[in-house]
Structure formats: C-alpha cells, structure tokens
Amino acid sequence: MKSTAELKNNADKTEESKQHQRDDSYVDGISAQHSVMNFDEPVKKSPDSSNSGFSIVSSRTCKVLTIATIIFILVIINLAINTAILREVQDDKTIVNTVVGSELDQPAGLPGFKDTTTWNQIETLAKSTTLNFYLYSPTGSSPRRWVDNVLTTELSEKFGITLNRIDAVYANCDLAAMKLVCDVQNEVNAGKTTEGGSVDLVWINGANFAKMKELDLLYGPWSTNVPNSKNFDFSNPSISFDKGVPIEGMELPFNLAQSIFLYNNRTVASPPTDVPSFIQWVKNNPGRFIYSDPLKDFTGAAFIRRLFYYYAGTGAGGSPNDLLGSFNENLYNQHAPTLWRILNEIEPMLYKPAGQTTPWYPTDHEAEIRPLMGSETIWMDFSFLISEASTRIIDSSWPSTIRGYVLSTGTIADSNYLAIPVNANNREAALIAANHIASAGSMFSRALPEIWGTLQAFDPTAPSIKEWDPAFNYINVHEATPSVETLAASRLGDLHVDYVNRLNADWDIFVKRA
C-alpha cells in the first residue's frame, strides 16, 4: 500500500485517479466535504514544497501565469490530493490489516464469544445487521454531520452494517444525567441482562460511565482486544482514566476534547486573557454572555468546572495540580463558596430573552446559545470543541469575525469514549463499528475542520498513525481555531467525576435556586 506521503507527492499525476474507477462515485460525492485546502486562505506550501510541484505560486511563475490559470491549477492539484487521501480513508480495511496482519484470523479473546471466535468471524456476524448508536448529536452539530455523512456510509459500504443514530436524552433519570443509564438498568431489571437491549454502542462522558460501571451495566473488558486498540497508549493515564475512573477495558477512546473561549473580534477588540478579566468583562458588558444549566448540559458543566479550577488552584495561590486525583472534601469546601459568589455576582449581567425577568439558564447550549453567537446577540461563548468557530464559519452559521482562543491560565482537556451496554443486542456490530472508528482513516475524517475538526487521542508512535502523520500534518488549521501548539501548552487534566457531580448539584442549590 502506498504511503500517504507518496500519494501527496504524486498528486499532480491526475491520470492515476482514472485507474481507480471503483472509487469515483465516492470521491465525487464527498470530496468537497473533505477538502483539505481552503481557497479562502493564503496558499500554504507543503512540508516538502522546495522540490515539488507546489512551487507554482513562486514570484517567477506568477509573472507568467494569469490569476485564472493559477486558480485552475490549484483546483486540479486539490482534487488530486483529496482523491488520493480519500481513497486511503475509503480503503480502511487495508489500514487495519497493516496493523494486525494475520491476527484477524486469531481468536479475538472477547467476553461473550467462543474462545475460538476470530475477528473476521465477528465481522461476518455483523454483516446485514443494524447498529443502534446512542450519542449527543443535536441538529446541525458536528457529531451529527460526521455520523450521518461519513460513518453511516462507511459502515454500510465496508461492513454491510446499517447505522441507526439515536440522539442522547439528558433528562428523566434519577441515576445519572444521561437517560440511557436508567434505560439499561430498567432493561436489566426486566431480565434483559446480556442481550435484548435498545442500544448497542454509546458515546459516553465520565459521569455516566462511572455510574454504569458502578452498576455493572457495561460490557467488557473489550477495548484493548480490538485490532485498532494498537492506535492508543493505554498505559497513559489520560487514556486509562476517564475523569479519574479507570476504564479497565470498558471504553475505547473516541476523540480528545479541549475547552476554549470564543469571541467576536468585531465587537470585542481585546478578549480577556484569564478568569478574573473574563468575569470583569461579563460585568462590563451586560447581556453579552450566557452559559447553560450545568445539570442539563455538558457545556455549562464544563464552564463552571473551568472557573472552579482557577478559584481553587491558581486563584487561591496554589496550583492546578492541587485538584488532580480523587475528590478532596476539604479543598472543595474551602474554595467552592468563592465560585458561587462570583457566579451570583455575574447573574444579573447574563443575557436574558426579551420579556424574561428571572435568570435564564438554557438547557441546550447547542440549540439555544450557539445561534445567539451567530446573530451577534452575545459576543463571547464557551465550547469543548476546538473547531467550534471554524466549522460554523465554514457552514455560514457564524460570521467570519468569531475566533476561538485559550486563557493564559490553562484550559481543561480530556479524552471521550465509546462504550457498549452490558445487554447490547448487536454486540458484534458494536465491536466492528468501534474498531472502525478507532482506525487512522476514521480519525482523519473527524479531524477535518469541514466535517468535525476535533482533536484525536491516538498514540503518535503507533505504526498506522505514523503512516498517516503526513496526512494529519497537511490539514490546514483555520484561523478561527487555536493552534495545536497553543492548545498543547495550555492543557489541564479534567477533574475527577466526583468534583463534576458535586459542582453541578451545588450550582443548582447555591446559584440557580439561591
């Protein structure tokens, strides 16, 4: 198999693409969505441009070629590059075989299957079945766009699996925020202990994972036994612990999330650089910021967690490291009151809809707050997606003046995961889908800003990841997205799940109901 680097270096040989007729319809249908060059941006040379055909924009050539000719050539090169890269993405089975070779015909070592069952046999069992995938995917969001436009097609064409996307519900459950926790518990109580469940695969957060693990509602251990588990370093605590809870083979990394602040540079000339200056900005600009209900929405919970990180660490004369590890009751009781006081101080300055007289904390950040940023009603926002601004600028739902950035005092980052309920009715399809999602090609598609633009939690030393490294490096970072270097330098580990639960519950008492 040709490496991605070779494909790029020969991208101008467009005749090669004609020899792969089996891929033409796929490439024609989605190449525009997966484009890795943005013609609204200045043309950037590739890492090896000094001796490649990409030097067409040199000053000497520009004297000869007209602007129209240059654009035409760039379009042809862009098409050839995307055709080559997407052909690699489309041919993911080759990537898997490169990583594991004959291991696909060896016993898979997965619970619930015969000792002799191989990965190839599991793939055969999953063919022509339906996968129920439960995840957070509001209308218009990046997760829904990727699942509907990329994953659904790939699972169908590669494995014969029909994907049924189920939008996650965060209500009506007394065990956890995600309703699925109660649904699985009720199904198990009704006798559906190892099969017959309504969900096969779930994109899960730390708090819900902790509760499902505590109640024995998860299938496993499985995640270290699937072929593409070799793309992750499970010895790294950032992978092996989900908000302080050991995953122990019950979860497989999905993406790497990192929180950022967002501002409109047309209305905010100098964005605040740390937590105190941000709080002062909110007070000075009434009606220009709002956050969602932490008990109802993940983004709102992450926002108050970021503030607590400051007021209990650096802001208290300590360090962010003071909050690492298990829940510290004394530390929490000492510093949480400061957070509640600050949040109550800014409450009168938060945005409220016309006619609203009481404080307003939306229950759905995506549906209720993001449009306010797009209409320039509010001027600052918060997100756990580094490409929040760039993806919305690209799809024209936000103005081009919005930028994402990180505070000088750091930004929370953590991996998020896939899990399989203990009573999944189609465990085979869940395993095949999860393994595919963990492939280098699938991670590359999620990294593209036009599709999702999310960070990935892969091990950069893994063989198949090293092969794809040039492709990941080739992705243009949109000007509205913080650089990878900036994000890495400001990264803070997320708090233990017990901090998360306590903060959310106490916010409801000391802020919302105060």
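Going by the structure above, here's the rest.
On a predicted model such as this, the values are computed, not experimentally measured, just so you know.

Caption draft 1: Quick peek at the side chain of R392. Mapped onto the fold, R392 is located in helix α16 (residues 388-394). Relative accessible area serves as the criterion here: at 11%, R392 is assigned to the buried category. Filtering out sequence-adjacent residues up to four positions away, R392 remains in contact with E366, R370, S397 and W398.

Caption draft 2: Layout of the sheet that holds strand β8 (residues 380-383). One open sheet accounts for three strands, arranged β8-β7-β9; its pairing is antiparallel. Both edges of this open sheet fall to β8 and β9 (402-405), since each of them pairs with a single strand only. Strand-to-strand, the axes of this sheet are offset by a mean angle of 25 degrees, without reference to chain direction. One ladder, built from four bridges, connects strand β7 (residues 260-264) with β8; its direction is antiparallel. When the sheet's bridge partners are listed, L262 is paired in β8 with D381. Each of β7 and β8 is contacted by helix α12 (residues 298-311), which is oriented at about 100 degrees to β8, the strand it contacts most.

Caption draft 3: Geometry of the pattern of salt bridges. Going through the model one piece at a time under the given rule, you end up with 23 salt bridges. With its nearest N and O atoms 3.1 Å apart, the salt bridge here joins E329 to R502. Taken together, the residues span a long stretch of sequence, with E329 in helix α13 (residues 329-346) and R502 in helix α21 (residues 497-512) at a distance of 173 residues. Put simply, R513 and D508 hold a salt bridge, and the shortest N to O gap is 2.6 Å. By relative accessible area, which is 63% here, R513 ends up exposed. A relative accessible area of 10% places D508 in the buried class. A single salt-bridge network, built from bridges that share partners, covers E366, R370, D381, E388 and R392.

Caption draft 4: Looking closely at the state of the cysteines. A complete count under the given rule lists one disulfide for this structure. The side chain of C173 participates in a disulfide bridge whose partner is C182; the two sulfur atoms lie 2.1 Å from each other. Its S-S torsion of about 85 degrees marks the bond between C173 and C182 as right-handed, since a negative value means left-handed. Relative accessible area serves as the criterion here: at 17%, C173 is assigned to the buried category. Residue C182 is classed as buried on the basis of its relative accessible area, which comes to 8%.

Caption draft 5: How the structure looks around the packing of α13 against α21. With their axes 11 Å apart at the nearest point, α13 and α21 run at an angle of 45 degrees to one another. When the interaxial angle is binned, α13 and α21 end up oblique. Crossing hand, α13 versus α21: right-handed. On α21, the residues touching E329, L331, Y332, N333, L339, W340, L343 and N344 of α13 are Y499, R502, L503, D506, W507, F510 and V511. Within the contact of α13 with α21, the residues separate by chemical class into ten nonpolar, two polar and three charged.

Definitions and cut-offs
Residues numbered from 1 in each chain as written. Predicted model: local features only at pLDDT ≥ 70, side-chain atom pairs only at ≥ 80, totals over all residues. Heavy atoms only, no water. Helix = DSSP H or I, 4+ residues; strand = E, 2+ residues; numbered from the N terminus. Buried < 20%, exposed > 50% of the residue type's maximum accessible area, 1.4 Å probe, protein only. Contact = heavy atoms within 4.5 Å. Pairing = 2+ DSSP bridges. Axes fitted to C-alpha atoms, helices over the stretch in contact; angles between N-to-C directions. Salt bridge = Lys/Arg side-chain N within 4 Å of Asp/Glu carboxyl O. Disulfide = S-S within 2.5 Å. Parallel < 35°, antiparallel > 145°, perpendicular 65-115°, else oblique. Left-handed = near helix turned anticlockwise from the far one by under 90°. Nonpolar A, V, L, I, M, F, W, Y, C, P; charged D, E, K, R; others polar.

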